[in-house]
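Close look at the chain arrangement
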Number of protein chains: 2
Amino acid sequence: MSAIRVAQNSRATITSLISLMNKSCTCPAHSHARTVSKTHRGPCSSHPHAHAHHQHHHHHTKEGAEPDMAHEYAFEMASSTMRFGEGVTREVGMDLANMKAKKVLVMTDSNIAKLPVMQTVVESLKRSNVPFVVYDRTRAEPTDKSFQEAIEFTKLHKPDVFVAVGGGSVMDTCKAANLYFNYPDADLLEFVNAPIGKGSVIDKDLSPLIAIPTTAGTGSETTGTAIFDYEPLHVKTGIASRKMRPTLGIVDPLNTRTMPRQVKIASGLDVLCHALESYTALPYQERTPRPANPAERPAYQGSNPISDIWSLEALRLTVKYLARSANDPLDAEANEQMCLAAAAAGTGFGSAGVHLCHGMSYPISGLNKSYKHPEYNVGHKIVPHGISVAVTAPAVFKYTGEACPDRHFKAAEIFGADLSKVRKGESAGPLLADQLRKFLSGLGVPDGISALGYTKADIPALVKGTLPQHRVTKLAPLQTGAEALEKIFEDTLKNY
Amino acid sequence: MSAIRVAQNSRATITSLISLMNKSCTCPAHSHARTVSKTHRGPCSSHPHAHAHHQHHHHHTKEGAEPDMAHEYAFEMASSTMRFGEGVTREVGMDLANMKAKKVLVMTDSNIAKLPVMQTVVESLKRSNVPFVVYDRTRAEPTDKSFQEAIEFTKLHKPDVFVAVGGGSVMDTCKAANLYFNYPDADLLEFVNAPIGKGSVIDKDLSPLIAIPTTAGTGSETTGTAIFDYEPLHVKTGIASRKMRPTLGIVDPLNTRTMPRQVKIASGLDVLCHALESYTALPYQERTPRPANPAERPAYQGSNPISDIWSLEALRLTVKYLARSANDPLDAEANEQMCLAAAAAGTGFGSAGVHLCHGMSYPISGLNKSYKHPEYNVGHKIVPHGISVAVTAPAVFKYTGEACPDRHFKAAEIFGADLSKVRKGESAGPLLADQLRKFLSGLGVPDGISALGYTKADIPALVKGTLPQHRVTKLAPLQTGAEALEKIFEDTLKNY
């Protein structure tokens, strides 16, 4: 077991060795006339190697290290203002009037445009005499092309405030439109995560954006993330910056009642993975490099004591309410609690980040040949985001269990595992994986990636599509290269 | 028991009756073509009368009610961006440079001005070439006069960004200076809570303010509240608005290590009461009136599912770490966890509000004749805020227990009560009160208000000083008039 742990922690070990070779500890703590903190509590604090690693870093390094090899020592928690309540959508016109909005761009999609939520929004804007235009051509699972179309519409209409009414796809498109409207000369790849895009830092405030989610899933109303398919490479990628966070999220459980059952399940599984991945993400103190300027601290920072609170709460709520909410459209309590769960998970992963399920989901959705999930009223093939993240979860958490067993045990317990019956030496990963399989099959989730049309022959392409997802995969609690990814994909061909 | 409950819930009952007499339910839910939600989960959801009350409101009212008698149906969660980490204070200069600050006003007090934290701040500003002036004359437990002096200094120097380095007194003074610098023609009472002040709504954005707390208590770095002694009336009062929230809270556990033991205890007891009061506050759905415009939704809204998460976490941390932190200045983990607890509690009560302990603490501090708490290096008599709130806690929660027993039982359990040993019919209030007495005496907190110099003869004045604290006392989970307050004060003459 110990040998395995050393191997799996090789990333931290290597970083630690590099640290030792450098000439100084730029740790700000040391410049602050104090003794060294002995309290590095992260997911893996009970891990002897992780601990040793920290001690090395703090005690034994000498003067003059490259600052960019130093470990992070702080985390930042920023989340959007959220208003929550049944019927609260109708306040949006007053909010816009309070903001003295002169021309609002309301962004939605062609399905949502026909639902009561849009009627409520439009009536509210009219009641408050707020001038607006509507763009209803956002795409479910947006692409660089659909982003570009929304950006062009925005440049044509020059709004001063944005309102997004929809699920993650609409909210993300709206964030991108806001960003590139405010950077009119930038190419779409300018702010896209490296290595796919240039990953430039957004250095000015964007226009105000009010997000009104119609799914309980993405949590996009609380985060600064926008995800899209970059079609030239057939992968999902995204833009992430605190500057893209909505100014206000209006979370109205009345708006999520109309979701078809399969949309509820897929959205809820996104919440589930946000919660599990952020809770098991690399602890923020193990992330490198420490930014030289706080503006460069990434949106996704690794797990931290505040994100943990949100992630665990979101996991508890999802385990308790997702099936109820999906199976009974009249279960108002379950529906409401899933809205809370989505926002809680968004707050958690918006700070901690996600890792392997999300990193691997992007090629699963992007390389899809012909799979079209039931009840998705779109004119194209689609593996819903929530399905593509959840399908790898059993294999992923079986794999990550060794890195922070305490957290995997705790998650398994939330699913209902009886920890008092865990045998001595039993591994946490497989235990959590079993719970996940039971949970996913109970919801009728397709049985592994083979049920989505993939065979063993596709795995090299799926691995190749995952490798550029650095931004998220590097937050896995252990270093995960091509070989490990290949094994996880194989393991996820069938789940049940 | 049932009769007592009816009497104690008279406020809700009366409101419910008024509701019945009105002509309509303006409940937005009803205008949204939906069936009535059956899920009012608040602290008191298990309370048969509270439940009946909701049903009345939703089911039996008719068209045309006064909107201002309608119950709230939404809550808003807004908290400052927080950066947390040992040594993170040194980043403040870069933050200010990123904000392109042209003239920063650094506010602190004469004690903190001599501590390493101010040296770190000043060095950081110089390193980033940020022009600044320092105001170090804020008062511990500020007054209208000390607020006014800070405001005048601000008007003289015309800063574009504020930095507060200190405890609640400094942060609150800085918020007030920011507010009245941006409303130069307003009288100090303009935005002070009614009925003491005019309670006007702050309708524009203030200047950016970065808060760097040096105590683990107030949570003022996350809230839009500023408290002061209004000397003409000998009571504490305050200003509360989301607009006053700091732009960024820099929470650096290194800055709280220097607190004297008694300051640590008093600060930590403030955290304790923030957590307990916000967790047991009136549920937001029972608050009246529902605001006509979202801008009028108060900062203190009543307990809600999000504030509950923060409040409970803060309570757990405080119970676990306060004594350790106070008793061992080298216990870095306990010190760090209390910083987190303070921020968590601030986020919780910043949304839910506080109630009786805080409402009653203001006259306890304000009418103080000569008590001077040990280890407080100030040139005047002082009952520290944390002591004046905690001293009434056993009597307060004994009293409020009937309103939401589940929550009082849960809090008692966090203190260590064994709920499996609770006798059938045993009341939650006294159980929690016992736990609180044990906790407070263990920390050496003065034995009731008699230990602070008050006698039974002072109680009418203390009651009179509490009654105008509407803003907070109205958030108690049951209606509390002069008679009930008198009884609680009597009960708190001695605690042990």
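Residues numbered from 1 in each chain as written. Chains lettered and ligands numbered in written order. Predicted model: local features only at pLDDT ≥ 70, side-chain atom pairs only at ≥ 80, totals over all residues. Heavy atoms only, no water.

Okay, the interface of chain A and chain B next. With 46 residues of chain A in contact, the opposing surface of chain B contributes 48 residues. Carbon and sulfur atoms supply 55% of the area that chain A and chain B bury against each other, a total of about 4,500 Å² over both sides. Across the pair E76 of chain A and R83 of chain B runs a salt bridge, and its minimum N-O distance is 2.7 Å. Elements supplying a minimum of two residues to the side of chain A that touches chain B: β1 (75-77), β2 (81-84), α4 (92-98), α9 (305-327) and α10 (332-352) of chain A. In terms of residues, the side of chain A that touches chain B owes the most to one element, α9 of chain A, which gives five residues. Class assignment for the residues of the side of chain A that touches chain B results in 19 nonpolar, 13 polar and 14 charged. In this sheet, strand β2 (residues 81-84) of chain B lies alongside β1 of chain A in antiparallel orientation, the contact comprising three bridges. Following the sheet pairing, E76 of chain A is matched in β2 of chain B by R83 of chain B. (Contact = heavy atoms within 4.5 Å. Buried area = accessible area lost by both parts, 1.4 Å probe. Salt bridge = Lys/Arg side-chain N within 4 Å of Asp/Glu carboxyl O. Helix = DSSP H or I, 4+ residues; strand = E, 2+ residues; numbered from the N terminus. Nonpolar A, V, L, I, M, F, W, Y, C, P; charged D, E, K, R; others polar. Pairing = 2+ DSSP bridges.)

Residues and elements named next belong to chain A. Under the definition given, this model contains 19 aromatic pairs over all chains. Between the aromatic rings of Y135 and F153, the centroid separation amounts to 4.7 Å while the plane-to-plane angle is 50°, which identifies the pairing as tilted. Taken as a pair, Y135 in strand β4 (residues 132-135) and F153 in helix α6 (residues 144-157) lie far apart in primary sequence, 18 residues in all. Neither Y135 nor F153 differs from the other in exposure class; each is buried. Seen in terms of ring centroids, Y300 and F349 are 6.0 Å apart; in terms of plane orientation they differ by 70°. Their pairing is edge-to-face. Residue Y300 is located in the loop between α8 (261-279) and α9, and its partner F349 is located in helix α10; the two are separated by 49 residues in the primary sequence. (Phe/Tyr/Trp six-rings, centres within 6.5 Å; stacked < 30°, edge-to-face > 60°. Buried < 20%, exposed > 50% of the residue type's maximum accessible area, 1.4 Å probe, protein only.)

This part is about the nonpolar core. Core analysis: the biggest nonpolar cluster contains 170 residues, and L269 of chain A together with L269 of chain B have the highest contact counts within it. Setting aside anything within four residues of it in sequence, one finds L269 of chain B in contact with L322, G386, I387, V389, A390, F439, L440, L443 and V445 of chain B. (Core = buried A, V, L, I, M, F, W, Y, C linked by side-chain atoms within 4.5 Å.)

All names here are of chain A. Of note, the bond from T288 into P289 is cis; its omega dihedral lies within 30 degrees of zero at -5°. Along the chain, P289 falls in the loop between α8 and α9. With phi around 55°, N129 is a residue other than glycine that occupies positive phi space. Inspection of the secondary structure assignment puts N129 in the loop between α5 (116-127) and β4. Judged by relative accessible area, which is 68%, N129 ranks as exposed. In the Ramachandran plot, E141 falls in the positive-phi region, its phi being about 60° despite a non-glycine side chain. In this fold, E141 is placed in the loop between β4 and α6.

Before going further, it helps to examine the relation of the copies chain A and chain B. Related by rotation about an axis and a shift along that axis, the two copies of the chain form a pair. By a simple turn and slide, chain A fits onto chain B: the slide is 0.0 Å along the axis, the RMSD is 0.0 Å, and the turn is 180°. Such values leave the two copies arranged in the relation of a two-fold axis. The fraction of interface residues of chain A whose copies in chain B are also interface residues reaches 98%, indicating that both copies meet through the same surface. (Least-squares fit on C-alpha atoms with pLDDT ≥ 70 in both.)

This part covers the packing of helix α8 (residues 261-279) of chain B against helix α15 (residues 428-442) of chain B. All names here are of chain B. Where α8 contacts α15, the axes come no closer than 13 Å and their chain directions differ by 170°. It follows that α8 is roughly antiparallel to α15 by the angle criterion. Residues L269, L272 and L276 of α8 touch α15, and the partners they reach there are L432, L436, F439 and L440. Residues belonging to the contact of α8 with α15 are distributed by class as follows: seven nonpolar, no polar and no charged. (Axes fitted to C-alpha atoms, helices over the stretch in contact; angles between N-to-C directions. Parallel < 35°, antiparallel > 145°, perpendicular 65-115°, else oblique.)

Purely geometric numbers; function is a separate question.
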